[in-house]
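# Report on the structure
Here is how the chains run, residue by residue.
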Amino acid sequence: MSLEALLTILGMAAVTYAIRAAGLLLANRLPAQGFVANWMKHVPGAVLAALVAPAVLAVAPGRSLGAAFLPAETVAAVAVTLIYVASRNLFAAMAGGVVAVYLMRLWPGA
Amino acid sequence: MDRPVSSARSQFWLGVTLFLPVAISIASYGVVWGVLAGQKGLGVLEVLLMSGLVFAGASQFVALDSWTPGSLPVIAIVVATGIVNLRMLLMSATLRPLVSHLSLPRALGAMFFVSDEQWAMTMAEMRKGGGSVAFLCGTGVLSWFAWTASTLLGRVLGAFIDDPVKYGLDVAFTATFIALLLGMWKGRGDVVPWLVGALAALVTASYLEGKWYIIVGGIVGSLAGALADQWRIKRDVA
(Lines give C-alpha, C1' and ligand atoms only; values in the text may rest on other atoms or scores of the structure.)
Protein backbone atom coordinates (compact mmCIF):
# COMPACT_ATOMS: atom_id res chain seq x y z
CA MET A 1 0.00 0.00 0.00
CA SER A 2 1.37 3.41 -0.95
CA LEU A 3 1.87 6.14 1.63
CA GLU A 4 -0.60 8.44 -0.13
CA ALA A 5 -3.27 5.71 -0.09
CA LEU A 6 -2.70 5.17 3.63
CA LEU A 7 -2.85 8.93 4.26
CA THR A 8 -6.07 9.25 2.27
CA ILE A 9 -7.75 6.40 4.15
CA LEU A 10 -6.61 7.67 7.56
CA GLY A 11 -7.71 11.21 6.60
CA MET A 12 -11.15 9.95 5.54
CA ALA A 13 -11.47 7.93 8.76
CA ALA A 14 -10.38 10.88 10.95
CA VAL A 15 -12.72 13.41 9.34
CA THR A 16 -15.67 10.99 9.46
CA TYR A 17 -15.14 10.05 13.08
CA ALA A 18 -14.59 13.71 14.02
CA ILE A 19 -18.02 14.52 12.57
CA ARG A 20 -19.66 11.63 14.43
CA ALA A 21 -18.06 12.73 17.71
CA ALA A 22 -18.63 16.46 17.17
CA GLY A 23 -22.37 15.90 16.77
CA LEU A 24 -22.50 14.54 20.31
CA LEU A 25 -20.18 17.18 21.79
CA LEU A 26 -22.00 20.07 20.11
CA ALA A 27 -25.49 18.63 20.63
CA ASN A 28 -26.61 21.52 22.79
CA ARG A 29 -25.38 24.14 20.36
CA LEU A 30 -26.51 22.58 17.09
CA PRO A 31 -29.76 24.05 15.81
CA ALA A 32 -32.49 21.42 15.46
CA GLN A 33 -34.30 23.63 12.98
CA GLY A 34 -33.74 26.77 10.95
CA PHE A 35 -31.36 27.61 8.15
CA VAL A 36 -28.29 25.65 9.29
CA ALA A 37 -30.27 22.51 10.10
CA ASN A 38 -32.04 22.69 6.73
CA TRP A 39 -28.73 23.25 4.99
CA MET A 40 -27.14 20.14 6.52
CA LYS A 41 -30.25 18.11 5.80
CA HIS A 42 -29.93 18.95 2.09
CA VAL A 43 -26.20 18.18 1.79
CA PRO A 44 -26.33 14.43 0.98
CA GLY A 45 -28.99 14.83 -1.73
CA ALA A 46 -27.20 17.79 -3.32
CA VAL A 47 -23.86 15.93 -3.26
CA LEU A 48 -25.35 12.86 -4.93
CA ALA A 49 -27.19 14.99 -7.53
CA ALA A 50 -23.93 16.84 -8.23
CA LEU A 51 -22.12 13.52 -8.53
CA VAL A 52 -24.47 11.92 -11.04
CA ALA A 53 -25.42 14.87 -13.27
CA PRO A 54 -22.12 15.17 -15.22
CA ALA A 55 -21.87 11.37 -15.47
CA VAL A 56 -25.44 10.92 -16.71
CA LEU A 57 -25.05 13.63 -19.35
CA ALA A 58 -21.40 12.70 -20.10
CA VAL A 59 -20.13 16.24 -19.49
CA ALA A 60 -16.41 16.89 -18.93
CA PRO A 61 -13.94 19.65 -19.81
CA GLY A 62 -13.75 19.71 -23.60
CA ARG A 63 -16.69 17.34 -23.92
CA SER A 64 -19.87 19.35 -23.86
CA LEU A 65 -23.46 18.25 -23.64
CA GLY A 66 -24.65 15.98 -26.43
CA ALA A 67 -21.14 15.15 -27.70
CA ALA A 68 -21.76 11.43 -27.38
CA PHE A 69 -24.87 9.84 -28.86
CA LEU A 70 -26.76 7.98 -26.13
CA PRO A 71 -23.95 7.50 -23.55
CA ALA A 72 -24.07 4.28 -21.53
CA GLU A 73 -24.59 6.33 -18.35
CA THR A 74 -27.76 7.90 -19.73
CA VAL A 75 -29.16 4.46 -20.55
CA ALA A 76 -28.23 3.24 -17.06
CA ALA A 77 -29.86 6.30 -15.46
CA VAL A 78 -33.18 5.70 -17.21
CA ALA A 79 -33.15 1.98 -16.32
CA VAL A 80 -32.24 2.62 -12.68
CA THR A 81 -34.94 5.25 -12.27
CA LEU A 82 -37.67 3.06 -13.77
CA ILE A 83 -36.69 0.00 -11.71
CA TYR A 84 -36.29 1.98 -8.49
CA VAL A 85 -39.67 3.68 -8.82
CA ALA A 86 -41.29 0.29 -9.48
CA SER A 87 -39.45 -1.80 -6.87
CA ARG A 88 -38.07 0.64 -4.23
CA ASN A 89 -35.10 -1.72 -4.09
CA LEU A 90 -31.64 -0.18 -4.23
CA PHE A 91 -29.85 -3.34 -5.27
CA ALA A 92 -32.38 -4.31 -7.96
CA ALA A 93 -32.19 -0.80 -9.42
CA MET A 94 -28.40 -0.78 -9.49
CA ALA A 95 -28.21 -4.27 -11.00
CA GLY A 96 -30.85 -3.28 -13.57
CA GLY A 97 -28.76 -0.31 -14.69
CA VAL A 98 -25.70 -2.51 -15.15
CA VAL A 99 -27.67 -5.19 -17.04
CA ALA A 100 -29.24 -2.54 -19.31
CA VAL A 101 -25.79 -1.28 -20.34
CA TYR A 102 -24.50 -4.85 -20.75
CA LEU A 103 -27.41 -5.65 -23.10
CA MET A 104 -26.90 -2.38 -24.99
CA ARG A 105 -23.26 -3.27 -25.60
CA LEU A 106 -24.18 -6.74 -26.92
CA TRP A 107 -25.97 -4.95 -29.76
CA PRO A 108 -23.68 -4.99 -32.79
CA GLY A 109 -22.32 -1.58 -33.70
CA ALA A 110 -23.33 0.02 -30.42
CA MET B 1 -43.84 2.11 32.76
CA ASP B 2 -45.44 -1.25 32.20
CA ARG B 3 -42.49 -2.67 30.37
CA PRO B 4 -39.46 -3.36 32.55
CA VAL B 5 -36.28 -1.73 31.35
CA SER B 6 -34.62 -4.50 29.40
CA SER B 7 -31.01 -5.36 29.99
CA ALA B 8 -28.26 -3.99 27.81
CA ARG B 9 -27.56 -7.47 26.52
CA SER B 10 -31.11 -8.05 25.31
CA GLN B 11 -31.18 -4.54 23.81
CA PHE B 12 -27.98 -5.33 21.90
CA TRP B 13 -29.46 -8.52 20.48
CA LEU B 14 -32.73 -6.80 19.66
CA GLY B 15 -30.70 -4.32 17.61
CA VAL B 16 -28.87 -7.15 15.84
CA THR B 17 -32.11 -9.03 15.07
CA LEU B 18 -34.06 -6.04 13.79
CA PHE B 19 -31.11 -4.95 11.68
CA LEU B 20 -30.69 -8.29 9.83
CA PRO B 21 -32.73 -7.39 6.72
CA VAL B 22 -30.95 -4.03 6.46
CA ALA B 23 -27.59 -5.78 6.83
CA ILE B 24 -28.42 -7.97 3.82
CA SER B 25 -29.02 -4.92 1.65
CA ILE B 26 -25.85 -3.25 2.98
CA ALA B 27 -23.89 -6.41 2.16
CA SER B 28 -25.24 -6.49 -1.39
CA TYR B 29 -23.93 -3.05 -2.24
CA GLY B 30 -20.83 -3.75 -0.19
CA VAL B 31 -20.00 -6.50 -2.69
CA VAL B 32 -20.47 -4.01 -5.52
CA TRP B 33 -18.22 -1.48 -3.77
CA GLY B 34 -15.55 -4.15 -3.36
CA VAL B 35 -15.65 -5.09 -7.04
CA LEU B 36 -15.36 -1.42 -8.04
CA ALA B 37 -12.56 -0.88 -5.52
CA GLY B 38 -10.58 -3.65 -7.21
CA GLN B 39 -11.02 -1.97 -10.60
CA LYS B 40 -9.75 1.30 -9.15
CA GLY B 41 -6.61 -0.44 -7.92
CA LEU B 42 -7.30 -0.76 -4.20
CA GLY B 43 -5.64 -3.78 -2.61
CA VAL B 44 -7.26 -6.13 -0.10
CA LEU B 45 -5.57 -4.35 2.82
CA GLU B 46 -6.73 -0.93 1.59
CA VAL B 47 -10.30 -2.22 1.29
CA LEU B 48 -10.15 -3.67 4.80
CA LEU B 49 -8.72 -0.45 6.29
CA MET B 50 -11.13 1.88 4.52
CA SER B 51 -14.29 -0.14 5.22
CA GLY B 52 -13.23 -0.89 8.78
CA LEU B 53 -12.09 2.60 9.77
CA VAL B 54 -14.19 4.97 7.62
CA PHE B 55 -17.30 2.76 7.70
CA ALA B 56 -19.49 5.13 5.67
CA GLY B 57 -20.75 3.71 2.37
CA ALA B 58 -21.79 6.77 0.37
CA SER B 59 -18.52 8.60 1.08
CA GLN B 60 -16.53 5.49 0.18
CA PHE B 61 -18.28 5.34 -3.20
CA VAL B 62 -17.44 9.01 -3.73
CA ALA B 63 -13.80 8.37 -2.79
CA LEU B 64 -13.52 5.48 -5.28
CA ASP B 65 -14.85 7.73 -7.99
CA SER B 66 -11.78 9.96 -7.54
CA TRP B 67 -9.29 7.14 -6.80
CA THR B 68 -6.29 7.32 -9.16
CA PRO B 69 -3.31 5.38 -7.73
CA GLY B 70 0.00 7.15 -8.27
CA SER B 71 -1.54 10.62 -8.16
CA LEU B 72 -4.21 10.41 -5.50
CA PRO B 73 -6.06 13.70 -4.90
CA VAL B 74 -5.66 13.21 -1.13
CA ILE B 75 -7.08 16.58 -0.03
CA ALA B 76 -10.01 16.50 -2.47
CA ILE B 77 -11.01 13.00 -1.34
CA VAL B 78 -10.79 13.87 2.37
CA VAL B 79 -12.77 17.11 1.86
CA ALA B 80 -15.42 15.31 -0.20
CA THR B 81 -15.67 12.63 2.50
CA GLY B 82 -16.27 15.32 5.12
CA ILE B 83 -18.96 16.99 3.06
CA VAL B 84 -20.79 13.75 2.25
CA ASN B 85 -20.66 12.71 5.93
CA LEU B 86 -21.55 16.10 7.39
CA ARG B 87 -25.11 14.86 7.88
CA MET B 88 -23.86 12.56 10.68
CA LEU B 89 -23.30 15.67 12.81
CA LEU B 90 -27.04 16.05 13.28
CA MET B 91 -27.53 12.31 13.68
CA SER B 92 -25.19 11.96 16.65
CA ALA B 93 -26.62 15.16 18.12
CA THR B 94 -30.11 13.62 18.21
CA LEU B 95 -28.76 10.48 19.90
CA ARG B 96 -27.39 12.41 22.88
CA PRO B 97 -30.27 11.48 25.23
CA LEU B 98 -29.35 7.80 24.77
CA VAL B 99 -25.78 8.23 26.02
CA SER B 100 -26.25 10.91 28.69
CA HIS B 101 -25.75 8.32 31.49
CA LEU B 102 -22.44 7.08 30.05
CA SER B 103 -18.92 8.35 30.63
CA LEU B 104 -17.70 10.60 27.82
CA PRO B 105 -15.19 8.08 26.36
CA ARG B 106 -17.85 5.35 26.18
CA ALA B 107 -20.43 7.75 24.73
CA LEU B 108 -17.92 8.90 22.10
CA GLY B 109 -17.04 5.27 21.36
CA ALA B 110 -20.66 4.43 20.61
CA MET B 111 -20.81 7.29 18.09
CA PHE B 112 -18.54 5.32 15.76
CA PHE B 113 -21.64 3.27 14.86
CA VAL B 114 -23.68 6.27 13.70
CA SER B 115 -24.63 5.96 10.01
CA ASP B 116 -27.86 6.43 8.09
CA GLU B 117 -29.37 2.99 8.61
CA GLN B 118 -28.34 2.45 12.25
CA TRP B 119 -29.44 5.97 13.17
CA ALA B 120 -32.80 5.62 11.41
CA MET B 121 -33.57 2.32 13.14
CA THR B 122 -32.50 3.55 16.59
CA MET B 123 -34.57 6.73 16.18
CA ALA B 124 -37.57 4.61 15.18
CA GLU B 125 -37.11 2.60 18.41
CA MET B 126 -36.84 5.80 20.44
CA ARG B 127 -40.09 7.08 18.95
CA LYS B 128 -41.77 3.84 20.10
CA GLY B 129 -40.49 4.50 23.62
CA GLY B 130 -37.55 2.08 23.38
CA GLY B 131 -34.08 2.51 21.99
CA SER B 132 -30.84 2.52 23.91
CA VAL B 133 -27.16 2.81 23.32
CA ALA B 134 -26.91 -1.00 23.46
CA PHE B 135 -29.51 -1.17 20.69
CA LEU B 136 -27.47 1.28 18.59
CA CYS B 137 -24.35 -0.81 19.17
CA GLY B 138 -26.21 -4.00 18.17
CA THR B 139 -27.22 -2.48 14.83
CA GLY B 140 -23.76 -0.94 14.43
CA VAL B 141 -21.74 -4.08 15.11
CA LEU B 142 -23.80 -6.13 12.64
CA SER B 143 -23.62 -3.31 10.10
CA TRP B 144 -19.83 -3.09 10.51
CA PHE B 145 -19.34 -6.82 9.96
CA ALA B 146 -21.75 -6.86 6.99
CA TRP B 147 -20.01 -3.87 5.36
CA THR B 148 -16.41 -4.93 6.00
CA ALA B 149 -16.94 -8.58 5.06
CA SER B 150 -18.98 -7.84 1.93
CA THR B 151 -16.55 -5.23 0.60
CA LEU B 152 -13.69 -7.71 1.11
CA LEU B 153 -15.69 -10.43 -0.62
CA GLY B 154 -16.37 -8.09 -3.56
CA ARG B 155 -12.69 -7.21 -3.79
CA VAL B 156 -11.72 -10.90 -3.91
CA LEU B 157 -14.48 -11.89 -6.36
CA GLY B 158 -13.79 -8.85 -8.53
CA ALA B 159 -10.32 -10.17 -9.31
CA PHE B 160 -12.00 -12.86 -11.46
CA ILE B 161 -13.83 -10.36 -13.67
CA ASP B 162 -11.60 -9.91 -16.70
CA ASP B 163 -13.21 -7.03 -18.59
CA PRO B 164 -15.46 -4.87 -16.40
CA VAL B 165 -16.56 -2.61 -19.29
CA LYS B 166 -17.89 -5.62 -21.22
CA TYR B 167 -20.25 -6.42 -18.36
CA GLY B 168 -21.40 -2.83 -17.92
CA LEU B 169 -19.74 -2.62 -14.51
CA ASP B 170 -18.23 0.77 -15.34
CA VAL B 171 -21.71 2.29 -14.97
CA ALA B 172 -22.31 0.59 -11.60
CA PHE B 173 -21.15 3.79 -9.87
CA THR B 174 -23.61 6.05 -11.59
CA ALA B 175 -26.34 3.45 -11.18
CA THR B 176 -25.67 3.11 -7.44
CA PHE B 177 -25.62 6.86 -6.90
CA ILE B 178 -28.89 7.36 -8.77
CA ALA B 179 -30.56 4.63 -6.71
CA LEU B 180 -29.15 6.12 -3.47
CA LEU B 181 -30.37 9.56 -4.52
CA LEU B 182 -33.88 8.33 -5.40
CA GLY B 183 -34.04 6.62 -2.00
CA MET B 184 -33.44 10.00 -0.34
CA TRP B 185 -36.51 11.59 -1.92
CA LYS B 186 -38.70 13.03 0.85
CA GLY B 187 -40.88 15.46 -1.07
CA ARG B 188 -40.99 18.67 -3.09
CA GLY B 189 -38.42 20.31 -0.80
CA ASP B 190 -35.81 18.15 -2.52
CA VAL B 191 -36.41 19.57 -6.01
CA VAL B 192 -34.44 22.81 -5.51
CA PRO B 193 -31.28 21.35 -3.87
CA TRP B 194 -31.08 18.47 -6.34
CA LEU B 195 -31.63 20.59 -9.47
CA VAL B 196 -29.35 23.44 -8.37
CA GLY B 197 -26.70 20.94 -7.21
CA ALA B 198 -26.87 19.12 -10.56
CA LEU B 199 -26.67 22.37 -12.58
CA ALA B 200 -23.78 23.75 -10.52
CA ALA B 201 -21.97 20.44 -10.99
CA LEU B 202 -22.56 20.47 -14.77
CA VAL B 203 -21.16 23.99 -15.09
CA THR B 204 -18.16 23.18 -12.86
CA ALA B 205 -17.47 19.88 -14.63
CA SER B 206 -17.37 21.53 -18.05
CA TYR B 207 -14.66 24.00 -16.99
CA LEU B 208 -12.70 22.39 -14.17
CA GLU B 209 -10.62 19.19 -14.29
CA GLY B 210 -10.91 16.77 -11.40
CA LYS B 211 -13.78 15.99 -9.09
CA TRP B 212 -14.33 19.46 -7.64
CA TYR B 213 -17.78 19.59 -9.21
CA ILE B 214 -18.98 17.19 -6.48
CA ILE B 215 -18.00 19.63 -3.74
CA VAL B 216 -19.21 22.75 -5.60
CA GLY B 217 -22.54 21.16 -6.51
CA GLY B 218 -23.03 19.76 -3.01
CA ILE B 219 -22.46 23.10 -1.29
CA VAL B 220 -24.35 25.29 -3.79
CA GLY B 221 -27.26 22.85 -4.05
CA SER B 222 -27.71 22.38 -0.30
CA LEU B 223 -27.54 26.15 0.34
CA ALA B 224 -30.15 26.70 -2.37
CA GLY B 225 -32.33 24.05 -0.72
CA ALA B 226 -32.06 25.75 2.68
CA LEU B 227 -32.85 29.16 1.13
CA ALA B 228 -35.90 27.66 -0.59
CA ASP B 229 -37.03 26.21 2.76
CA GLN B 230 -36.70 29.63 4.42
CA TRP B 231 -38.67 31.24 1.63
CA ARG B 232 -41.41 28.60 1.88
CA ILE B 233 -41.70 29.07 5.66
CA LYS B 234 -41.98 32.85 5.25
CA ARG B 235 -44.63 32.47 2.57
CA ASP B 236 -46.65 30.03 4.68
CA VAL B 237 -46.53 32.36 7.68
CA ALA B 238 -47.56 35.39 5.63
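So, a few notes on the structure that sits alongside this text. As the structure is a prediction and not an experimental result, all values here were calculated from the model. Sequence order sets the numbering: in each chain, residues are counted from 1 along the sequence as written. Lettering of chains starts at A and numbering of ligands starts at 1, both following the order in which they are written. Two thresholds apply to this predicted model, a pLDDT of at least 70 for residue-level local features and 80 or more for giving and counting side-chain atom pairs, whereas whole-chain, interface and lining totals are computed over all residues. Heavy atoms from the whole structure form the basis of all side-chain values; hydrogens and water molecules are not counted.

Next up on the list: the overall build of chain B. Each helix corresponds to a stretch of at least 4 residues labelled H or I by DSSP, and each strand to a stretch of at least 2 residues labelled E; elements are numbered beginning at the N terminus. A tally of helices and strands in chain B yields 12 helices and zero strands. Dimensions of chain B, computed from C-alpha atoms along their principal axes, come out at roughly 60 × 60 × 30 Å. Accessibility here uses a 1.4 Å probe with only protein chains present; expressed as a share of the type maximum, an area under 20% marks a residue as buried, one over 50% as exposed, and anything in between as partly exposed. Relative to its full complement of 238 residues, chain B shows a buried share of 52%. The contact criterion used throughout is that any non-hydrogen atoms of two residues lie within 4.5 Å. Taking the contacts inside chain B whose residues are at least 6 apart along the sequence as the reference set, 75% of them involve residues at least 24 apart. Only the protein chains shown count as cover for residues, and the accessible areas themselves come from Shrake-Rupley with a 1.4 Å probe. Put simply, chain B shows about 11,000 Å² of open surface, and 71% of that area lies on carbon and sulfur atoms. Distance from the positive charge centre (16 side chains) to the negative charge centre (13 side chains) of chain B: 9 Å. When charges are counted, Lys and Arg contribute as positive and Asp and Glu as negative, whereas His and the chain ends are disregarded. Here the site of a charge means atom NZ of a Lys, CZ of an Arg, CG of an Asp or CD of a Glu.

By the secondary structure assignment, His42(A) is in helix 2 (residues 35-56). Distance in space between the C-alpha atoms of His42(A) and Val52(A) is 16 Å, their sequence separation being 10 residues. Here His42(A) is in contact with Gly189(B), Asp190(B), Pro193(B), Ser222(B), Gly225(B), Ala226(B) and Asp229(B), once residues within four sequence places are set aside. In protein, a polar contact means a hydrogen-donor-capable atom and an acceptor-capable atom, both N or O and within 3.5 Å, with residues adjacent in sequence counting only if both atoms are side-chain atoms; elsewhere, any N or O pair within 3.5 Å suffices. Of the polar contacts made by the side chain of His42(A), one reaches the side chain of Asp229(B); its length is 2.8 Å.

Contact with chain A, which involves 68 residues of that partner, is made by 91 residues of chain B. A 1.4 Å probe defines the accessible area here, and the buried area is the portion of it lost by two parts on being joined, summed over both. Three residues stand out in chain A for area buried against chain B, namely Met12(A), Arg20(A) and Leu24(A), and they jointly supply 12% of the buried area on that side. Should a side-chain nitrogen of Lys or Arg be within 4 Å of a carboxyl oxygen of Asp or Glu, the pair is scored as a salt bridge. On the surface where chain A and chain B come into contact, there are one salt bridge. Among the ionic pairs, Asp229(B) bridges to Lys41(A), the shortest N-O distance being 3.7 Å. At the boundary of chain A and chain B, one finds 13 residue pairs in polar contact (both at pLDDT 80 or more). For the side of chain A that touches chain B, the elements supplying multiple residues, two or more each, are helix 1 (3-25), helix 2, helix 3 (72-87) and helix 4 (90-106) of chain A. Here the element with the most residues in the side of chain A that touches chain B is helix 2 of chain A; it accounts for 21 residues. By residue class, the composition of the side of chain A that touches chain B is 50 nonpolar, 13 polar and five charged. Under the scheme applied, nonpolar residues are Ala, Val, Leu, Ile, Met, Phe, Trp, Tyr, Cys and Pro; charged residues are Asp, Glu, Lys and Arg; polar residues are all the others, including Gly.

Let us now look at the nonpolar core. By convention a nonpolar core is built from buried Ala, Val, Leu, Ile, Met, Phe, Trp, Tyr and Cys residues, the set being connected through side-chain atoms within 4.5 Å. Counting 93 residues, the largest nonpolar core has Trp33(B), Leu42(B), Met50(B), Phe61(B), Trp67(B) and Phe177(B) as its most contacted members. The residues touching Phe177(B), leaving out its near neighbours within four places in the chain, are Leu48(A), Leu51(A), Val52(A), Ala58(B), Phe61(B) and Val62(B).

Right, let's talk about the pattern of salt bridges for a bit. Across all of its chains, the model carries four salt bridges over all chains by this definition. With a shortest N-O distance of 3.1 Å, Glu125(B) and Lys128(B) are connected by a salt bridge. We classify Glu125(B) as buried; its relative accessible area is 11%. Accessibility expressed as a relative area gives 62% for Lys128(B), which makes it exposed. Salt bridges sharing partners connect three or more residues here, namely Lys41(A), Asp229(B) and Arg232(B).

Further remarks concern helix 1 (residues 8-39) of chain B. Since one α-helical turn is 3.6 residues long, residues separated by three or four positions face the same way. Values of bend correspond, residue by residue, to the angle between axes fitted over the seven residues ending at that residue and the seven starting there. The largest bend in helix 1 of chain B comes to about 55°, at Leu20(B), with the proline Pro21(B) one to four residues further on. Looking one or two residues past helix 1 of chain B, Gly41(B) carries a phi angle of roughly 90°, positive in sign.

A few words now on the layout of surface pockets. Here a cavity is any set of points on a 1 Å grid over the protein atoms alone where a 1.4 Å probe fits but cannot get out, and a pocket is any open set with protein on both sides within 12 Å along at least 5 of 7 lines; a residue lines the site when it has an atom within 4 Å of a point. Grid points are joined across faces, edges and corners, and a volume is the space filled by probe spheres set on the points. By volume, the largest pocket is sized at about 1,400 Å³. Forming the boundary of the largest pocket are 47 residues, of which Arg87(B), Met91(B), Asp116(B), Trp119(B) and Lys186(B) lie nearest the centre. Contributions of two or more residues to the lining of the largest pocket are made by helix 2 and helix 4 of chain A together with helix 1, helix 3 (57-65), helix 5 (88-94), helix 8 (116-127), helix 9 (133-158) and helix 10 (172-183) of chain B. Looking at the lining of the largest pocket residue by residue, the class counts come to 28 nonpolar, 12 polar and seven charged.

Moving on, we come to the packing of aromatic side chains. Each pair of aromatic rings taken from Phe, Tyr and Trp, with Trp reduced to its six-membered ring, is defined by centres within 6.5 Å and is described as stacked if the planes are under 30 degrees apart, edge-to-face if over 60, and tilted in the remaining cases. In total, this model carries eight aromatic pairs over all chains according to the counting rule given. Seen from their ring centres, Trp33(B) and Trp147(B) are 6.0 Å apart, and the 45° between their planes marks the pair as tilted. Of this pair, Trp33(B) sits in helix 1 while Trp147(B) sits in helix 9, placing them 114 residues apart in sequence. There is no split in this pair, since Trp33(B) and Trp147(B) are both buried. Between Trp185(B) and Trp194(B), the ring centres sit 5.4 Å apart and the planes meet at 70°, which makes this aromatic pair edge-to-face. An aromatic cluster of at least three residues, connected via ring pairs, comprises Tyr29(B), Trp33(B), Phe61(B) and Trp147(B). Each ring is checked for a lysine NZ or an arginine CZ that lies within 6 Å of its centre and within 35 degrees of its normal; such an atom marks a charge sitting over the ring. In this structure, Arg20(A) packs its charged tip against the face of Phe112(B), placed 5.4 Å from the ring centre.

Residue and element names in this part refer to chain B. Across all of its chains, the model carries one cavity of 30 Å³ or more by this definition. Taken as a whole, the largest cavity spans an internal volume of roughly 40 Å³. Looking at the lining of the largest cavity, the elements that each hand over two or more residues are helix 4 (74-85) and helix 12 (212-237). Its residues placed into classes, the lining of the largest cavity shows six nonpolar, one polar and one charged.

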